[in-house]
Structures are given as structure tokens and as C-alpha cells.
Amino acid sequence: MRLANKRIIVTGAATGIGRATARLTAAQGARVAALDINDGDGRSIVDEICRSGGSARYWHADVRDAGQVAAAVTAALDWLGGGVDVLLHLAGILQGAAVELPAFSDAVWDEVIDVNLKGSYLVVKQVAEPMIAAGDGAIVLCSSGAGVSGGSSSFAYGSSKGATHGLGLVLAQRLAPHGIRVHDVCPGSVRTPLKEAQLRAVLSHDGDRAQFEQAMQSLVPADGIAPVFAFLASDEARYLRGTLFTR
């Protein structure tokens, strides 16, 4: 299997792309440490993986909280055998879709930036230390076309993803001398709970149910994007660098 014996941490593993990626990487032979704040769905994907013969374990971790991140990563590293080969950081939120700037909430801005940008920084900070010690590893962040190659329905979301992309560029430069490659994946329109909520917010103004259903049908399933992250976790991707965009 492509990921046999790989030790992987997946954040945002409870739903959406993170869930699909945890499932696929485990099926390809990886040992998966799953982190999320959605304990019910997080434990259910781990149970599913284990019932299928895979190896996975779940930890609760709010990526905004440095203490929770440190504790979860430390416990995951111990379970993984003292190290980690790959971080697939997929935790993120989208709030404030279709809200005009004068009405945009400062609290929403803070929460989105804290989860998407600060969370990326805190998780990478914890995982990079054992990778640096090992002189090897791969870190994959999840950004978006929003804020990187175009606009967004949310001021906070687009800004946070543009900043996450920038973080990935800096990390790639600074961690390469330690044998660590860093990627930033920018998924397109993927059918996830976040995207569905965004479309409901954007299309609710005209109340056009048919338009909503048509938009939902155009989305790419999360299972269609998970192989991108699984490939980046593999040794076949060791010569690949930089940002990847999906449909």
C-alpha cells in the first residue's frame, strides 16, 4: 500500500475533506491520529477505520488553543511511536458568508482568523519539532482559491486562507533545510458541511431552492479531493513542491 507504515496526523478529521482523507490514508496503510473538536463524528470515523482493519485513534483538540494542541499532539506522537511522518492539517471554518462589510461581526472575524490561521500556526509548530529532529517529514496545509487566486463570500474566510497560503510559503522556505517539504492545497468547490452552509447563506436572499440544488450538484465530493492529500503524504510526492489547486 502507498502509505504503509506512515505515521500521519489529520486535523479536522471528523467531517468533510478531513474525514475522507483520514479514511483513505488509513485504507492505504497509514496509522492515523485524528484530531477535531467534533467528538461524535471524530470517534465515528476512527471506529469505522478500525472496523475495516485500519489503525486510527481520536483526540479532541481545539486548534485555537495552544495547550490543547500541545497535549493532543504529544499524546498522538506517543501513540504513533514517538514521531510523525506527515501532518495533513485540514481543520477550518467558514463564517460570515454574504455579509456586507459594514455589518460584518468583529467576533466572526476573530474566530475565523483564530481557527484557520492561528490554528495552522499552532499545529505546525508542535509537529515541526519532531520532524526537525528526524530530518524528514511532510506538512500539508489546506488553503483555498478564496484569498489566494480570487475573492470569497466571506471577508474573514478569504483573508484567513490567503494568510494560510502565505504561512505555507514561509514554512516551505524555512523547513526545507531540515528535510521537510511543505505544501498548501487550495481545493475548489467541495461538498462539505462548510460549503453547504455557505451556499445556503449566499442563496437565501432570493429563496431560490432550485438554484441551491443546482449549486450543490456542481460541487466535487470530498472523496474526490482526499486522494490529493493522500498522494502528498506518500513518498511518490517527495520531489513535488509548492501550492496545488483542485477543481
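Cut-offs applied
- Residues numbered from 1 in each chain as written.
- Predicted model: local features only at pLDDT ≥ 70, side-chain atom pairs only at ≥ 80, totals over all residues.
- Heavy atoms only, no water.
- Core = buried A, V, L, I, M, F, W, Y, C linked by side-chain atoms within 4.5 Å.
- Buried < 20%, exposed > 50% of the residue type's maximum accessible area, 1.4 Å probe, protein only.
- Helix = DSSP H or I, 4+ residues; strand = E, 2+ residues; numbered from the N terminus.
- Contact = heavy atoms within 4.5 Å.
- Pairing = 2+ DSSP bridges.
- Axes fitted to C-alpha atoms, helices over the stretch in contact; angles between N-to-C directions.
- Salt bridge = Lys/Arg side-chain N within 4 Å of Asp/Glu carboxyl O.
- Parallel < 35°, antiparallel > 145°, perpendicular 65-115°, else oblique.
- Left-handed = near helix turned anticlockwise from the far one by under 90°.
- Expected span 1.5 Å × (residues − 1).
- Bend = angle between axes of the 7 residues up to and from the residue.
- Polar contact = N/O pair within 3.5 Å; in protein donor to acceptor, adjacent residues only side chain to side chain.
- Phe/Tyr/Trp six-rings, centres within 6.5 Å; stacked < 30°, edge-to-face > 60°.
- Lys NZ or Arg CZ within 6 Å of the ring centre and 35° of its normal.
- Lys, Arg positive; Asp, Glu negative; His and termini not counted.

1. Quick look at the nonpolar core
Thought 1: Core analysis: the biggest nonpolar cluster contains 33 residues, and Ile9, Leu87, Val127 and Ile139 have the highest contact counts within it.
Thought 2: Taken together, the elements giving at least two residues each to this core come down to strand E2 (31-36), helix H3 (66-80), helix H4 (106-134), strand E5 (137-142), helix H5 (155-175) and strand E6 (180-186).
Thought 3: With residues up to four places along the chain from it excluded, the contact list for Val127 reads Ile9, Val73, Val84 and Leu87.
Thought 4: The next biggest cluster of nonpolar side chains, apart from the first, holds 31 residues, and it includes Ile17, Ile225, Ala230 and Ala237.

2. Things to note about the sheet that holds strand E3 (residues 55-60)
Each strand in a sheet pairs with its neighbour through backbone hydrogen bonds, running either in the same direction (parallel) or in the opposite one (antiparallel).
Thought 1: Spatial ordering of the open sheet is given by E3-E2-E1-E4-E5-E6-E9, a layout of 7 strands whose pairing is parallel. The open sheet is flanked by E3 and strand E9 (242-245), the only strands paired with a single partner. Averaged over all pairs of adjacent strands, the angle between their axes in this sheet comes to 15 degrees, without regard to strand direction.
Thought 2: As paired strands, E5 and E6 are joined by 6 bridges and run parallel to one another. Within E6, the position partnered with Gly137 by the bridge is Ile180.

3. Considering the pattern of salt bridges
Thought 1: By the definition in use, this model includes 8 salt bridges.
Thought 2: For the salt bridge of Arg7 with Asp85, the shortest nitrogen-to-oxygen distance reads 3.2 Å. Taken together, the residues span a long stretch of sequence, with Arg7 in strand E1 (residues 7-11) and Asp85 in the loop between H3 and strand E4 (86-89) at a distance of 78 residues.
Thought 3: Of the residues examined, Arg7 reaches a relative accessible area of 23% and is grouped as partly exposed.

4. Topic: the environment of Tyr239
Thought 1: Considering the arrangement of structural elements, one finds Tyr239 in the loop between helix H8 (222-233) and E9.
Thought 2: The exposure class assigned to Tyr239 is exposed, which follows from its relative accessible area of 68%.
Thought 3: Separated by 58 residues in sequence, Tyr239 and Arg181 have C-alpha atoms that sit 8.8 Å apart.

5. Some thoughts on the packing of helix H1 (residues 16-27) against helix H2 (residues 39-51)
Thought 1: Two elements in contact, H1 and H2, have axes separated by 10 Å at closest approach and are oriented at 20 degrees. As summarised for this structure, H1 and H2 are arranged roughly parallel, according to the angle between their axes. Crossing hand, H1 versus H2: right-handed. Residues Arg19, Ala22, Arg23 and Ala26 of H1 form the contact with H2, whose own contacting residues are Asp41, Ser44, Ile45, Glu48 and Ile49.

6. Side note on H4
Along an α-helix, a turn takes 3.6 residues, which lines up residues three or four apart on a common side.
Thought 1: Here H4 spans 41 Å end to end across 29 residues, near enough to the 42 Å set by a 1.5 Å rise per residue.
Thought 2: Bending of H4 peaks at approximately 35 degrees at the position of Lys118.
Thought 3: A distance of 3.1 Å separates the backbone nitrogen of Ala107 from a side-chain oxygen at the start of H4, and that oxygen is part of Ser105.
Thought 4: Where H4 ends, the next residue or the one after it, Gly135, has phi of about 70 degrees, a positive value.

7. Some words on the packing of aromatic side chains
Thought 1: On inspection of all chains with the given rule, the structure shows 2 aromatic pairs.
Thought 2: Between the aromatic rings of Trp59 and Trp79, the centroid separation amounts to 5.8 Å while the plane-to-plane angle is 65 degrees, which identifies the pairing as edge-to-face. Within this pair, whereas Trp59 is found in strand E3, its partner Trp79 is found in helix H3, the two being separated by 20 residues in sequence.
Thought 3: Given the relative accessible area of 11%, Trp59 is considered buried.
Thought 4: With 5.8 Å between their ring centres and 90 degrees between their planes, Phe104 and Phe155 make a pair best called edge-to-face. One end of the pair, Phe104, is in the loop between E4 and H4; the other, Phe155, is in helix H5, with 51 residues separating them in the sequence.
Thought 5: Its relative accessible area of 37% is what places Phe155 among the partly exposed residues.
Thought 6: Directly above the ring of Trp79 sits Arg31, whose terminal nitrogen or CZ lies 4.0 Å from the centroid.

8. Side note on the side chain of Arg181
Thought 1: Relative to the helices and strands, Arg181 resides in strand E6.
Thought 2: Asp235 provides the closest opposite charge to the buried, unpaired Arg181, separated from it by 5.6 Å.
Thought 3: At 3.0 Å, the side chain of Arg181 and the side chain of His183 are in polar contact.

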